[in-house]
Amino acid sequence: MSAFDLATLRRLDQAHHLHPFTDHRAMHQDGTHVVRRAKGCTLYDEDGRELLDGLAGLWCVNVGYGRDEIAEAVAAQMREVAYYPSFFDTTTEPAIRLAARLASRAPAHLQHTIFSNSGSEANETALKLIRAYWKLRGRSAKSKLLSRSFAYHGVGIATTSLTGLPTCTDPFDLPLPGFVHVPGPHAYGSGKSAEEYAAWCLAETEQAIAREGADTIAAMFVEPVQGAGGVIVPPPGHLAALRALCRRHEILFVADEVITGFGRLGAWFASVLWELEPDLLTTAKGITSGYLPLGATLVSDEIAAALEAGGYLAHGFTYTGHPATCAAALANLDILEREKLVERVRDDVGPRFQAALRKMAEHPLVAEARGFGLIGALELRRPPRGPRADAPPNALGLAAHVLAREEGVIVRGIRDAVALSPPLVVTHDEMDRMFAALTRALDRL
Ligand SMILES: Cc1ncc(COP(=O)(O)O)c(C=O)c1O
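Now for a look at the structure at hand. Keep in mind that this is a model prediction, so the values were computed, not measured.

Turning our attention to the overall build of the chain. Within the chain, the secondary structure is distributed over 16 helices and 15 strands. Against the compact-globule benchmark of 22 Å for 445 residues, the chain has a radius of gyration of 22 Å, which places it among compact chains. With 445 residues in all, the chain has 53% of them scored as buried. Excluding contacts between residues fewer than 6 apart, the proportion of contacts in the chain whose partners are at least 24 apart in sequence is 69%. Both charge centroids of the chain, one from 45 positive and one from 52 negative side chains, sit 2 Å from each other.

Here helix α16 (residues 428–444) spans 25 Å end to end across 17 residues, near enough to the 24 Å set by a 1.5 Å rise per residue. Those residues of α16 that sit buried are E430, M431, M434, F435, A437, L438, A441 and L442. Down the axis of α16, the buried side of the element spans an arc of 160°, and every buried residue falls inside it.

This next bit is on the pattern of salt bridges. The final tally for this structure, using the stated rule, is 25 salt bridges. Close ionic contact of D279 with R243 constitutes a salt bridge, the shortest N to O distance being 3.1 Å. Of this pair, D279 sits in the loop between α11 (270–273) and β9 (280–283) while R243 sits in helix α10 (residues 238–248), and the two are 36 residues apart along the sequence. Assessed through its relative accessible area of 14%, D279 is described here as buried. Measuring nitrogen to oxygen at the nearest pair gives 3.1 Å for the salt bridge that ties D432 to R352. On the criterion of sequence distance, the pair formed by D432 in helix α16 and R352 in helix α14 (residues 341–360) is long-range, its members being 80 residues apart. Exposure remark for D432: the relative accessible area of 41% places this residue in the partly exposed category. Through salt bridges with shared partners, a single ionic network connects R101, R105, D334 and E337.

Below, the discussion takes up the site of the ligand. Neighbouring the ligand are S118, G119, S120, N123, Y152, H153, G154, E223, D256, V258, I259 and K285. At a separation of 2.7 Å, a nitrogen atom of the ligand approaches a polar side-chain atom of D256. Measuring from an oxygen atom of the ligand, one finds a side-chain N or O atom of K285 at 2.9 Å. In isolation the ligand exposes 390 Å². Once the protein is present, 84% of that is buried. If one sorts the elements of the shell around the ligand by residue count, helix α6 (residues 119–136) sits on top with three residues. A breakdown of the residues in the shell around the ligand according to their chemical character gives three nonpolar, six polar and three charged.

This paragraph deals with the sheet that holds strand β13 (residues 409–410). Spatial strand order, β1-β2-β3-β13: four strands in an open sheet with mixed pairing. Each having just a single partner strand, β1 (35–39) and β13 make up the two edges of the open sheet. Taken together, the two bridges between strand β3 (residues 50–53) and β13 define a ladder with parallel strand orientation. By the bridge assignment for β13, L52 is matched with V409. Lying over the sheet, α16 contacts β2 (42–45), β3 and β13, oriented at roughly 100° with respect to β3.

Let us look at the nonpolar core. Residues L98, L378, L380 and L445 are the most contacted members of the largest nonpolar core, which totals 63 residues. When residues of this core are assigned to their parent elements, the largest contribution, nine residues, is made by helix α13 (residues 323–338). Split by domain, this core shows at least three residues from each of two domains, domain 1 (33–63 + 340–444) and domain 2 (68–338). In terms of nonpolar packing, the next biggest core, distinct from the first, is built from 21 residues, L145, L162, F179 and L252 among them.

A word on the packing of aromatic side chains. Under the counting rule described, the total for this entry stands at nine aromatic pairs. Seen from their ring centres, F262 and W268 are 6.4 Å apart, and the 85° between their planes marks the pair as edge-to-face. Note on accessibility: F262 and W268 belong to one class, buried. These aromatic residues form a ring-pair network of at least three members: F262, W268 and F269. Residue placement shows K192 over the ring face of W200; its charged tip is 5.7 Å from the ring centre.

Let us now look at the packing of helix α4 (residues 68–81) against α13. At a minimum axis separation of 8 Å, α4 and α13 run at an interaxial angle of 150°. By the angle class used here, α4 and α13 are roughly antiparallel. When you trace α4 past α13, the crossing you get is right-handed. Residues E69, I70, A73, V74, Q77, M78 and V81 of α4 pack against P323, A324, A327, A328, A331, N332, D334, I335 and R338 of α13. Here the residues of the contact of α4 with α13 are counted per class, giving 11 nonpolar, two polar and three charged.

Conventions adopted
Residues numbered from 1 in each chain as written. Predicted model: local features only at pLDDT ≥ 70, side-chain atom pairs only at ≥ 80, totals over all residues. Heavy atoms only, no water. Helix = DSSP H or I, 4+ residues; strand = E, 2+ residues; numbered from the N terminus. Rg over C-alpha atoms; globule rule 2.2 N^0.38 Å. Buried < 20%, exposed > 50% of the residue type's maximum accessible area, 1.4 Å probe, protein only. Contact = heavy atoms within 4.5 Å. Lys, Arg positive; Asp, Glu negative; His and termini not counted. Charge placed at Lys NZ, Arg CZ, Asp CG, Glu CD. Expected span 1.5 Å × (residues − 1). Arc of directions from axis to C-beta. Salt bridge = Lys/Arg side-chain N within 4 Å of Asp/Glu carboxyl O. Near = heavy atom within 4 Å. Polar contact = N/O pair within 3.5 Å; in protein donor to acceptor, adjacent residues only side chain to side chain. Areas by Shrake-Rupley, 256 points an atom, 1.4 Å probe, with all protein chains shown as cover. Nonpolar A, V, L, I, M, F, W, Y, C, P; charged D, E, K, R; others polar. Pairing = 2+ DSSP bridges. Axes fitted to C-alpha atoms, helices over the stretch in contact; angles between N-to-C directions. Core = buried A, V, L, I, M, F, W, Y, C linked by side-chain atoms within 4.5 Å. Domains from an automatic or database assignment. Phe/Tyr/Trp six-rings, centres within 6.5 Å; stacked < 30°, edge-to-face > 60°. Lys NZ or Arg CZ within 6 Å of the ring centre and 35° of its normal. Parallel < 35°, antiparallel > 145°, perpendicular 65-115°, else oblique. Left-handed = near helix turned anticlockwise from the far one by under 90°.

See below:
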């Protein structure tokens, strides 16, 4: 299909293309990795080499690659009406149908959706709706935001400010004032059990609320499983306790389900699975399985009623409710439902994946295995000898990622951990091959 050979692509890439989240000098030294084709869980790179995608793109290609059905739905919509906005009093059919479809899967009190183009925009939208809501209620003083260490909520100025990862905030001198970070429930290395550590996090959050004043805090943002921060799974009951704490202090609770939505945990939403009853729920990624960019912010009936009564809602992107992306989402949801992929994660591949992940803890370099459903991470320890015996802190994940790719599987390196979240269609055989390749990579570490 491509008229460009790899050398030309690499030259043009180096000359003109800035990549997101990339060390450009290192990349151009080694040569950009170009993916040519993808089908199911398999990527085919520039040399025709096959790689198993253990990360589903960026935790998003839930139905796997190469689904003609989605491509055809998008093409048909583009022929019908390629684009028309949802501004003012107009919209298109796919946007309406998708909003209704989400309402049928979301927690019962979240019946309204406003669309955007990404997870970051879904969260930025949530932030603005929250400000508007409190202002309409005459409580503009409620403007501060709570989020947790290890959180990842996006790359806008405000969503970076919510993000609890210094690698994301420090280069930009963020967070902005008014963004308050409390500890996330990452017990690893603390010497405490997961439950003890989570109880401490809860107490710290309560103290932060008392210190800042509940009257000044608008909302708390929470990823049910913290993904980019290292796949941090809270102990049972922790999120419900956090939610109750927010409710007691009239702090809106926002579930960021950009990763956890659409089946990753074996449920349509973590908020349903763990009965979180969030005031807002943001999502993206798996809503289209990454076939086209789409974000969604679901709001409670109470907030929707306040906003609707409040008059003109001056928010929205040119492509809010884009008909082609909504058509992609509808076709994607059709596949998830017809092939029962959410149930498949809950009953079959999820438990099998978690068992294989836990088995990896027998490897001498694995210090901890953690995960839920079809997402997991292995925390690595430094090898006693060899080239990485003196590896600097937080370098093992990237090293393991490079070796794993050489062994034929894509994983994500996060500090000293590797993360996995394969497409929900992953077969047993593919899963076995992923873990075998990862084991070979760790043996070489
Ligand atoms: C939990 C969470 N929220 C928000 C985002 C941002 O989404 P996007 O990259 O689509 O802007 C991500 C992306 O990884 C995410 O994992």
